[in-house]
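Survey of secondary and tertiary structure
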Amino acid sequence: MRIILFTGKGGVGKTSCSASTALRCAEMGHRTLVMSTDPAHSLADSLDTTLASEPREVRPGLYAMEVDPKAQIEKDIGYSMQFITEWMVSQGGINDILAQEMMAGEGLIGAASLGLIQEFHRKGEFDVLVLDTAPTGQTLQLLSMPDVMGIYAKKFLRRGRVLAKVGRPTVGLFTSAPIPEDEFFDEMERANERLQATRRLLSDPKTTTIRLVVNLEKMVIKETERAFTYLNLFNYPVESIVVNRALPPEVQDPYFRQWKETQQGYLEEVKSAFYPLPIRQVPMFNREVVGLDALSRMARAVYGEDDPSRVFYEGKPFEVTSRDGHHLLSLHIPFVQKKDLELLTAGDELVIRAGPYQRLFPLPYALLGLPLDGAEFKEEEKRLYVRFKKNAGGEKKR
Ligand SMILES: Nc1ncnc2c1ncn2[C@@H]1O[C@H](COP(=O)(O)OP(=O)(O)O)[C@@H](O)[C@H]1O
Ligand SMILES: [Mg+2]
């Protein structure tokens with residue numbers, strides 16, 4: 001099963017891209033499920049139909065659903081959310097973090113969705129699973145959840161089991177929440193294993209393709225560049241960029257002249273910021289994209305005759321490694337003249353200039369504020385290697 005995940009800033013066209021991609025996959029004969037994991041579901045509106053928390057066939061070969069976190073968690077874990085959260089909060093300390101993580105509306109839908117992804121992969125009923133996710137920040141949180149949970153789960157479950165044993169005879173003295181049975185911990189452990197399995201699926205380019213949707217606007221591009229940095233850093237395979245709502249050549253109205261010039265400038269920025277990812281452009285249509293006909297038209301604009309479930313780029317646009325008191329950032333950039341190369345850090349960005357080429361690279365948290373310590377551009381690889389000095393004493397002060 002191929003997983004195609006769309007993310008991007010709010011309102012850029014993630015749902016439209018997801019639905020049209022899924023539709024096109026189905027038209028090409030792939031059994032396809034499109035699943036919304038955005039708490040503010042709009043997939044049903046986009047497909048112009050009604051959806052439930054189980055797959056529903058929208059047209060031959062195309063299934064769609066919107067995740068209902070509470071129902072799903074209860075189904076997965078077998079206990080009511082209230083029971084789980086009350087119990088977690090009653091434990092205090094580190095469990096509180098986990099409880100909060102799970103109770104937060106977004107965390108909940110995230111956990112439910114991650115569980116479902118793994119389930120659909122295991123069952124193998126679908127050839128393609130398209131994920132219509134929440135805006136970037138929430139999706140990054142979702143994708144980091146298995147890592148966070150993995151760290152806490154072991155501690156939490158071990159401590160929980162001990163507490164449950166010790167606490168059972170004195171229930172009511174220290175806590176109002178019921179102390180759960182061993183079975184509960186087994187379920188929690190299984191839930192964590194499912195989460196880890198999903199993490200592996202989503203970071204494997206053989207299974208997963210992440211497509212970022214942008215509009216040609218400053219704030220949208222900035223937020224997406226940052227998401228791109230983090231996704232890469234956590235080894236999630238970002239495969240291409242969809243530039244949505246570009247003003248098409250037919251728009252000749254003088255009112256839009258300035259808009260078109262600005263968009264042209266931003267398009268160049270997108271090309272360099274996400275180099276070497278393929279970029280697909282979708283025009284601003286003359287009406288909103290609602291219903292299967294409009295989605296089919298959008299799919300043609302995005303993919304032409306290509307099969308959307310194909311992988312159009314595989315590789316790592318950048319990597320950060322650490323050794324001998326240095327962090328080494330290696331970054332794929334187009335051909336530049338070595339002698340022109342100029343590097344500096346400004347705020348939380350690395351500025352790379354070479355003649356007309358300029359790229360602002362949002363630095364990962366671990367590299368913020370660290371002094372630059374040399375760089376090298378290897379022409380044969382088209383990779384720039386930038387060294388950062390680790391702070392003396394090892395740990396960075398925050
Ligand atoms: N290329 C486009 N041309 C015209 N309208 C579009 C286009 N892409 C998306 N829209 C419209 O913009 C709105 C937001 O799109 P949506 O896909 O729901 O964004 P997101 O899921 O990122 O919030 C919807 O009303 C949709 O129909
Ligand atoms: Mg949406």
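Description of the structure in this document. (Residues numbered from 1 in each chain as written. Chains lettered and ligands numbered in written order. Predicted model: local features only at pLDDT ≥ 70, side-chain atom pairs only at ≥ 80, totals over all residues. Heavy atoms only, no water.)

Side note on the overall build of the chain
Secondary structure summary: the chain contains 11 helices and 15 strands in total. Across the chain, contacts joining residues at least 24 apart in sequence account for 73% of those joining residues at least 6 apart. As displayed, the chain has an accessible area near 18600 Å², and 51% of this comes from carbon and sulfur atoms. (Helix = DSSP H or I, 4+ residues; strand = E, 2+ residues; numbered from the N terminus. Contact = heavy atoms within 4.5 Å. Areas by Shrake-Rupley, 256 points an atom, 1.4 Å probe, with all protein chains shown as cover.)

Comments concerning the nonpolar core
Met35, Leu47 and Ile117 are the most contacted members of the largest nonpolar core, which has 75 residues in total. Broken down by element, the residue count for this core peaks at 8 residues, all from helix 6 (residues 105-123). Once residues within four sequence positions are removed from consideration, Met35 is found in contact with Leu43, Met65, Val67, Ser113, Leu116, Ile117, Phe120, Leu129, Val130, Leu131 and Asp132. (Core = buried A, V, L, I, M, F, W, Y, C linked by side-chain atoms within 4.5 Å. Buried < 20%, exposed > 50% of the residue type's maximum accessible area, 1.4 Å probe, protein only.)

So, helix 9 (residues 218-233)
Counted at 1.5 Å a residue, the expected span for helix 9 with its 16 residues is 22 Å, and the 23 Å between its end C-alpha atoms agrees. Regarding helix 9, the residues found buried are Val220, Ile221, Thr224, Glu225, Ala227, Phe228, Thr229, Tyr230, Leu231 and Asn232. (Expected span 1.5 Å × (residues − 1).)

Concerning the sheet that holds strand 13 (residues 357-362)
Taken in spatial order, the 3 strands line up as 11-12-13 in an open sheet, and their pairing is antiparallel. The sheet is open, and its two borders are formed by strand 11 (342-346) and strand 13, each paired with just one other strand. Averaged over all pairs of adjacent strands, the angle between their axes in this sheet comes to 20°, without regard to strand direction. By the bridge criterion, 6 bridges tie strand 12 (residues 349-354) to strand 13 in an arrangement that is antiparallel. The residue of strand 13 that forms the bridge with Ala354 is Tyr357. (Pairing = 2+ DSSP bridges. Axes fitted to C-alpha atoms, helices over the stretch in contact; angles between N-to-C directions.)

Describing the pattern of salt bridges
Taken as a whole, this structure holds 11 salt bridges when the rule is applied. Measuring nitrogen to oxygen at the nearest pair gives 3.2 Å for the salt bridge that ties Asp348 to Arg226. Here Arg226 lies in helix 9 and Asp348 lies in the loop between strand 11 and strand 12, a separation of 122 residues in the sequence. The exposure class assigned to Arg226 is partly exposed, which follows from its relative accessible area of 27%. (Salt bridge = Lys/Arg side-chain N within 4 Å of Asp/Glu carboxyl O.)

Some details on the site of ligand 1
Around ligand 1 there are 14 residues in total, and Lys14, Thr15, Ser16, Asn244 and Arg245 lie nearest to it. In the model, an oxygen atom of ligand 1 is placed 2.7 Å from a nitrogen or oxygen of the Lys14 side chain. Within the backbone of Pro283, a nitrogen or oxygen atom sits 2.9 Å from a nitrogen atom of ligand 1. Protein contact buries 81% of the 560 Å² of open area that ligand 1 shows by itself. Applying the majority rule of atoms within 2 Å of the grid points places ligand 1 in the largest pocket. Where the shell around ligand 1 is concerned, the elements lending two or more residues are helix 1 (14-27) and strand 7 (238-246). Counting residues per element, the shell around ligand 1 draws most heavily on helix 1, at 3 residues. (Near = heavy atom within 4 Å. Polar contact = N/O pair within 3.5 Å; in protein donor to acceptor, adjacent residues only side chain to side chain. 1 Å grid on protein atoms, 1.4 Å probe; cavity = no way out; pocket = protein on both sides within 12 Å on 5 of 7 lines; lining within 4 Å. Sits in = over half its atoms within 2 Å of the grid points.)

A short note on the packing of helix 1 against helix 11 (residues 292-303)
In contact at an axis separation of 8 Å, helix 1 and helix 11 are set at 85° when each is read in the N-to-C sense. In terms of orientation, helix 1 lies roughly perpendicular with respect to helix 11. Seen from helix 1, the contacting residues are Ser16, Cys17, Ala19, Ser20, Thr21, Leu23, Arg24 and Glu27; seen from helix 11, they are Leu292, Leu295, Ser296, Met298, Ala299, Arg300 and Tyr303. The residue inventory of the contact of helix 1 with helix 11, partitioned by class, reads 8 nonpolar, 4 polar and 3 charged. (Parallel < 35°, antiparallel > 145°, perpendicular 65-115°, else oblique. Nonpolar A, V, L, I, M, F, W, Y, C, P; charged D, E, K, R; others polar.)

So, the sheet that holds strand 14 (residues 372-378)
As summarised here, the arrangement of the 4 strands in space is 9-10-15-14, forming an open sheet in which the pairing is antiparallel. With one partner strand each, in any of the chains shown, strand 9 (318-323) and strand 14 form the two edges of the open sheet. Shown here is a sheet whose adjacent strand axes are inclined to one another by a mean of 15°, direction ignored. The sheet contact formed by strand 9 and strand 10 (residues 326-332) spans 6 bridges and is antiparallel.

Remarks on unusual backbone geometry
The peptide bond linking Tyr275 to Pro276 adopts the cis configuration, its omega dihedral lying at 5°. Residue placement: Pro276 occurs in the loop between helix 10 (257-273) and strand 8 (279-283). You will see that Asp48, though not glycine, has its phi angle at about 60°, which is positive. Inspection of the secondary structure assignment puts Asp48 in the loop between helix 2 (43-47) and strand 3 (56-59). Notably, Asn235 is not glycine yet its phi reads approximately 65°, a positive angle.

Topic: the layout of surface pockets
Computed from the structure, the largest pocket encloses a volume of approximately 400 Å³. As for the largest pocket, its lining consists of 23 residues, and the residues nearest its centre are Gly11, Gly13, Ser16, Arg245 and Val289. Elements with a contribution of two residues or more to the lining of the largest pocket: helix 1, helix 2 and strand 7. Ranked by the residues each element gives to the lining of the largest pocket, the list is headed by helix 1, at 3 residues. Of the residues in the lining of the largest pocket, the class split is 9 nonpolar, 7 polar and 7 charged. (Points joined across faces, edges and corners; volume = space filled by probe spheres on them.)

Section: the pairing of strand 7
Within a regular strand, the side chains alternate between the two sheet faces. In terms of burial, strand 7 is a largely internal element, 8 of the 9 residues being buried. In terms of strand pairing, strand 6 (residues 208-214) meets strand 7 through 5 bridges, oriented parallel. Across the sheet, the residue bridging to Ile210 is Val238, located in strand 7. What joins strand 6 to strand 7 is helix 9, and the crossover it makes is right-handed. Handedness of the crossover joining strand 7 and strand 8 through helix 10 is recorded here as right-handed. (Right-handed = clockwise from strand over helix to strand, strands pointing away.)

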